[in-house]
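# Architecture and fold: a report
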Protein chains: 2
Amino acid sequence: MEQTISLVGCGQTPFGEHWDKSLRDLIDEAITAAIDASPCTALDIDMVIVANMIGERVSGQAHLGAMAASMLPHHPPALRVEAACASGSIAIHTACSLLESGRAQNVLVVGAEKMTDASNEEIAAALMGAADSELDAPSGITFPGLFGLVAQRYMHEYGLTREDLSCVSEAHHRNAVQNPFAQFRKEVPAQQISASPLIADPLRLLDCSPISDGAAACILSNTHASSIRIAASQVSTDTVSLAQRPSLTSFNATREAIAKALKEAGVTRSDLSAVELHDCFSIAAIISLEDMGFAQPGTGVQLYKRETGLRINGSGGLKACGHPVAATGIKQIIDVSKQLSASKARWGLAHNFGGTGATCCIHVLEHANG
Amino acid sequence: MEQTISLVGCGQTPFGEHWDKSLRDLIDEAITAAIDASPCTALDIDMVIVANMIGERVSGQAHLGAMAASMLPHHPPALRVEAACASGSIAIHTACSLLESGRAQNVLVVGAEKMTDASNEEIAAALMGAADSELDAPSGITFPGLFGLVAQRYMHEYGLTREDLSCVSEAHHRNAVQNPFAQFRKEVPAQQISASPLIADPLRLLDCSPISDGAAACILSNTHASSIRIAASQVSTDTVSLAQRPSLTSFNATREAIAKALKEAGVTRSDLSAVELHDCFSIAAIISLEDMGFAQPGTGVQLYKRETGLRINGSGGLKACGHPVAATGIKQIIDVSKQLSASKARWGLAHNFGGTGATCCIHVLEHANG
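In this text, all values refer to a predicted model and were calculated from it rather than measured experimentally.

How each quantity is defined
Residues numbered from 1 in each chain as written. Chains lettered and ligands numbered in written order. Predicted model: local features only at pLDDT ≥ 70, side-chain atom pairs only at ≥ 80, totals over all residues. Heavy atoms only, no water. Helix = DSSP H or I, 4+ residues; strand = E, 2+ residues; numbered from the N terminus. Rg over C-alpha atoms; globule rule 2.2 N^0.38 Å. Buried < 20%, exposed > 50% of the residue type's maximum accessible area, 1.4 Å probe, protein only. Contact = heavy atoms within 4.5 Å. Areas by Shrake-Rupley, 256 points an atom, 1.4 Å probe, with all protein chains shown as cover. Lys, Arg positive; Asp, Glu negative; His and termini not counted. Charge placed at Lys NZ, Arg CZ, Asp CG, Glu CD. Buried area = accessible area lost by both parts, 1.4 Å probe. Salt bridge = Lys/Arg side-chain N within 4 Å of Asp/Glu carboxyl O. Polar contact = N/O pair within 3.5 Å; in protein donor to acceptor, adjacent residues only side chain to side chain. Nonpolar A, V, L, I, M, F, W, Y, C, P; charged D, E, K, R; others polar. Pairing = 2+ DSSP bridges. Core = buried A, V, L, I, M, F, W, Y, C linked by side-chain atoms within 4.5 Å. Least-squares fit on C-alpha atoms with pLDDT ≥ 70 in both. Expected span 1.5 Å × (residues − 1). Arc of directions from axis to C-beta. Axes fitted to C-alpha atoms, helices over the stretch in contact; angles between N-to-C directions. Parallel < 35°, antiparallel > 145°, perpendicular 65-115°, else oblique.

### Notes on the overall build of chain A
- Per the secondary structure count, chain A includes twelve helices and twelve strands.
- Rg of the C-alpha trace for chain A: 19 Å, near the compact-globule value of 21 Å for 370 residues, within the 12% margin.
- Taking all 370 residues of chain A together, the buried fraction comes to 66%.
- Sequence separation of 24 or more characterises 79% of the internal contacts of chain A that already satisfy a separation of 6 or more.
- Counting every atom, chain A has about 11600 Å² of accessible surface; 50% of that belongs to carbon and sulfur.
- Between the centroid of the 26 positive side chains of chain A and the centroid of its 38 negative side chains there is a distance of 5 Å.

### A closer look at the interface of chain A and chain B
- Every contact between the two is made by 57 residues of chain A and, on the other side, 57 residues of chain B.
- Across the interface of chain A and chain B, roughly 4300 Å² is buried in total on both sides, 45% from carbon and sulfur atoms.
- It is A:Glu56, A:His63 and A:Arg103 in chain A that bury the most area against chain B; as a group they hold 18% of the surface buried on that side.
- At the junction of chain A and chain B, the tally comes to ten salt bridges.
- We note a salt bridge from B:Asp132 to A:Arg24, for which the minimum N-O separation is 2.3 Å.
- Between the two partners, chain A and chain B, sit 36 residue pairs in polar contact (both at pLDDT 80 or more).
- Mapped by element, the contributors of at least two residues to the side of chain A that touches chain B are helix 2 (55-59), helix 3 (64-69), strand 3 (78-82), helix 4 (87-101), strand 8 (228-237) and helix 9 (252-265) of chain A.
- Ranked by residue count, the leading element in the side of chain A that touches chain B is helix 4 of chain A, at seven residues.
- Counted by class, the side of chain A that touches chain B contains 25 nonpolar, 20 polar and twelve charged residues.
- One ladder, built from three bridges, connects strand 3 of chain A with strand 3 (residues 78-82) of chain B; its direction is antiparallel. Its bridge partner being in strand 3 of chain B, A:Glu82 is matched across the sheet by B:Arg80.

### Let's talk about unusual backbone geometry
- The omega torsion across A:Asp201 and A:Pro202 is 10°, close enough to zero to call that bond cis.
- When you line up the elements, A:Pro202 lands in the loop between strand 5 (198-200) and strand 6 (203-204).
- Of note, the phi angle at B:His75 is positive, near 50°, even though the residue is not glycine.
- Tracing the chain through its elements places B:His75 in the loop between helix 3 (64-69) and strand 3.
- The backbone phi angle of B:Asn313 is positive, close to 45°, even though this residue is not glycine.
- Take B:Asn313: it is sitting in the loop between strand 10 (311-312) and helix 11 (317-321).
- Residue classification places B:Asn313 among the buried positions, given a relative accessible area of 0%.

### Quick notes on the pattern of salt bridges
- Within the structure shown, the criterion is met by 38 salt bridges over all chains.
- The salt bridge partner of A:Asp335 is A:Lys331, with a shortest N-O separation of 3.0 Å. Highlighted residues: A:Asp335 and A:Lys331, both in helix 12 (residues 325-343), separated by four residues, approximately one helical turn.
- Judged by its relative accessible area of 2%, A:Lys331 is buried.
- Among the salt bridges present, the one from B:Glu276 reaches B:Lys331, with a minimum N-O distance of 3.6 Å.

### Regarding the environment of A:Ala243
Residues and elements named next belong to chain A.
- Inspection of the secondary structure assignment puts Ala243 in the loop between strand 8 and helix 9.
- Ala243 sits in the exposed class, given a relative accessible area of 62%.
- In this structure the C-alpha to C-alpha distance between Ala243 and Asp132, which are 111 residues apart in sequence, comes to 9.3 Å.

### A few points about the nonpolar core
- Core analysis: the biggest nonpolar cluster contains 76 residues, and A:Ile49, A:Val109, A:Leu220, B:Ile49, B:Val109 and B:Leu220 have the highest contact counts within it.
- If near-sequence neighbours (up to four positions away) are discounted, A:Leu220 is found in contact with A:Ile5, A:Ser6, A:Leu7, A:Ile92, A:Ala95, A:Cys96, A:Leu99, A:Gln105, A:Asn106, A:Val107, A:Val109 and A:Ile230.

### Examining the relation of the copies chain A and chain B
- The two copies are related by a screw motion: chain A maps onto chain B through a turn of 180° and a shift of 0.0 Å along the axis, at an RMSD of 0.0 Å. On the angle and the small slide along the axis, the relation comes out as a two-fold axis.
- Most of the interface of chain A is mirrored in chain B: 100% of its interface residues are interface residues there too.

### Let's talk about the pairing of strand 4 (residues 106-113) of chain A
Residue and element names in this part refer to chain A.
- With eight of its eight residues buried, strand 4 lies for the most part within the structure.
- Side chains of strand 4 alternate between two faces, with Asn106, Leu108, Val110 and Ala112 and Val107, Val109, Gly111 and Glu113 buried alike.
- Pairing of strand 2 (residues 47-51) with strand 4 involves five bridges; the strand directions are parallel. Across the sheet, Met47 pairs through a bridge with Val107, a residue of strand 4.
- For strand 4 and strand 7 (residues 214-221), the ladder comprises eight bridges, and the chain directions are antiparallel. By the bridge assignment, Val107 is partnered in strand 7 with Leu220.

### Some remarks on helix 6 (residues 143-158) of chain B
Residue and element names in this part refer to chain B.
- In this model, helix 6 (16 residues) spans 22 Å end to end at C-alpha, consistent with the 22 Å of a helix rising 1.5 Å per residue.
- Buried within helix 6 are the following residues: Phe143, Gly145, Leu146, Phe147, Gly148, Val150, Ala151, Tyr154 and Met155.
- Elements in contact with the buried residues of helix 6: helix 5 (120-127), helix 7 (162-176), strand 5 (198-200), strand 6 (203-204), helix 10 (282-291) and strand 11 (347-354).
- At the exit of helix 6 stands Gly159, carrying a positive phi of roughly 75°.

### Overview of helix 9 of chain A
Residue and element names in this part refer to chain A.
- Here helix 9 spans 20 Å end to end across 14 residues, near enough to the 20 Å set by a 1.5 Å rise per residue.
- Taken together, the buried positions of helix 9 are occupied by Ala253, Thr254, Ala257, Ile258, Ala261, Leu262, Glu264 and Ala265. All buried residues of helix 9 fall inside an arc of 160° around its axis, so they share one side.
- Buried residues along helix 9 sit against strand 8, strand 9 (272-276), helix 10 (282-291), strand 11 (347-354) and strand 12 (359-367).

### Examining the packing of helix 4 (residues 87-101) of chain B against helix 12 (residues 325-343) of chain B
Residues and elements named next belong to chain B.
- For the pair helix 4 and helix 12, interaxial distance at closest approach is 5 Å and the crossing angle is 60°. Our classification of the angle between helix 4 and helix 12 gives oblique. Across from Ser87, Gly88, Ser89 and Ile92 in helix 4, the residues of helix 12 making contact are Ala326, Gly329, Ile330 and Ile333.

### Side note on the side chain of A:His363
Residues and elements named next belong to chain A.
- Looking at the secondary structure, you find His363 in strand 12.
- Of the residues examined, His363 reaches a relative accessible area of 0% and is grouped as buried.
- A polar contact of 2.8 Å, which involves the side chain of His363, links it to the side chain of Ser233.
- Aside from chain neighbours lying at most four places away, what touches His363 is Ser89, Ile92, His93, Ile230, Ala232, Ser233, Ile333, Gly348, Leu349 and Ala350.

Structural data, given as structure tokens:
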């Protein structure tokens, strides 16, 4: 990245069930926390980017750019972006472009989702908006169903066992115990995951990220400095429909995005100490590790079975932190930043995708003192 | 604008009722037309930005960035933006930023909306997503109602008559006769407008832009040249809720955006020959002319009553062209471009807002041979 874009303030709500808070309340809380944590005042913000997926359908509220800008005294320019579950990282990417263009100096990015106000059926239908409404949805399949197919095929191709799969959520839950913002801060043994209710064979309840409310915000600046900078911001896409893919067990958008991101940052995989990846379902974590080149096809789960130099979803990931859809991509950036700061490591990566990997957005972060 | 961003290809579907086409079909048709009209091949497109407001709610389809990118053989990076009825121009603004950032060279921007598949009640509810879901919507008011309040107050403050108001739609309908893409290509006399059914007093049916299907696309490039360039791209915001405004008869976001846009382009109002403005309701056209400084407060309608050097909504505007929400802002750019090319005039302007003026995005276009 040619310009220095610094992460100068981060804030988030706890992820979980916020019965007493609206979408607007969640956004307000995260924005306030991010500004308070930054060297900026609200008046320094010259652009607001809001990431949200299901607000119009579930809360009757579109136009969230202006809504968030209204919370600042000077109503800066604003817009909303959406790329299904990758909305948060796509908002970060858009912010980077605006900073690089010279049109902004301090961009406030906030991702938020209010999901628990709607029934599970309504949320399942809304999330299917991330899939292909003509080629996938008419079959009646849901997102757990789509990833159930992926998991079935992966087990067929590579011999992954139920016990293997349970290692993923087990590790993520273990990590979340230390995360005060996580929805589920408790260890869950693999046996309990394997015995949890069947959702979409072979995926069980504890393979699936939950329905969550939450918001996460950060301020990206080319004016104020911090110890964390965005070293790469890359997006790739693939067909939205799973039916149009040559393979169910590898997501090409991740493969493309990681290659571009490593090149932009000028790093290799072995330079990375922390990765927050998109474990919407346990199988997605395994495939993402392979697509990012941290493991050979069929061997991703091994990274959960032995010590490596790479910390995977140290926050707890989507499974244990919760997954308020458009907040996730921003929360990942915040968590990578925290982990680099805490460990004094230099490089970390956030991997966020939408749909069954149709949009993938990857950011590399560098800690100046790492 | 420091960089030369050229408009190198435009395409649109006719706006209207497309019972035989889905949201995807409309996007495909507009994209194909834009690429065919450009010096680019599909493979030159290195970013896709989709503008859409109600697709998830009405068509069950979010994730439209990747969906549109899927229509190109190489699946370029993509995202969706939304700012209610200003979504189209906000997509153009985002494209300009991406080009200026150096991250893209040829950005395909497409705005689309499929509205006629849903009931009028469902569309009215979906459009209320552009208003404030906590402060405005719970009153039961609809968008015609919000603009009915604005018109009532305007008549009270300035003595505008019913006959005055009808001049607006009459002029726009007259212009649309020559536009092959307009939904209503027929003249409508002022008396007929004044006698049309009452929708939200004092607004009548023929004061209101219709429910429409349609898509519009363009390619913006910093590599390929054309005779039309984007000379300014500016966004401003205001409170989403009308209840939080100091005035009902002036929209501050328009006032801010025009000042910034004229400054960026280095032009004055008198340099402009053509303006496409956001006449979602007839009263909005009058207020917008005043907020943009083409008329003093209370006198905007006079520009419809006498010859001036400024052509207003030569396309027919939202009223007569139709208003497939997120397509409108892009279609305005296309129409200004056409008018500058046809008249050999140099400067034109597109004014697009969302909600009751909570987001306003203004573009100034320059014709090189004008």
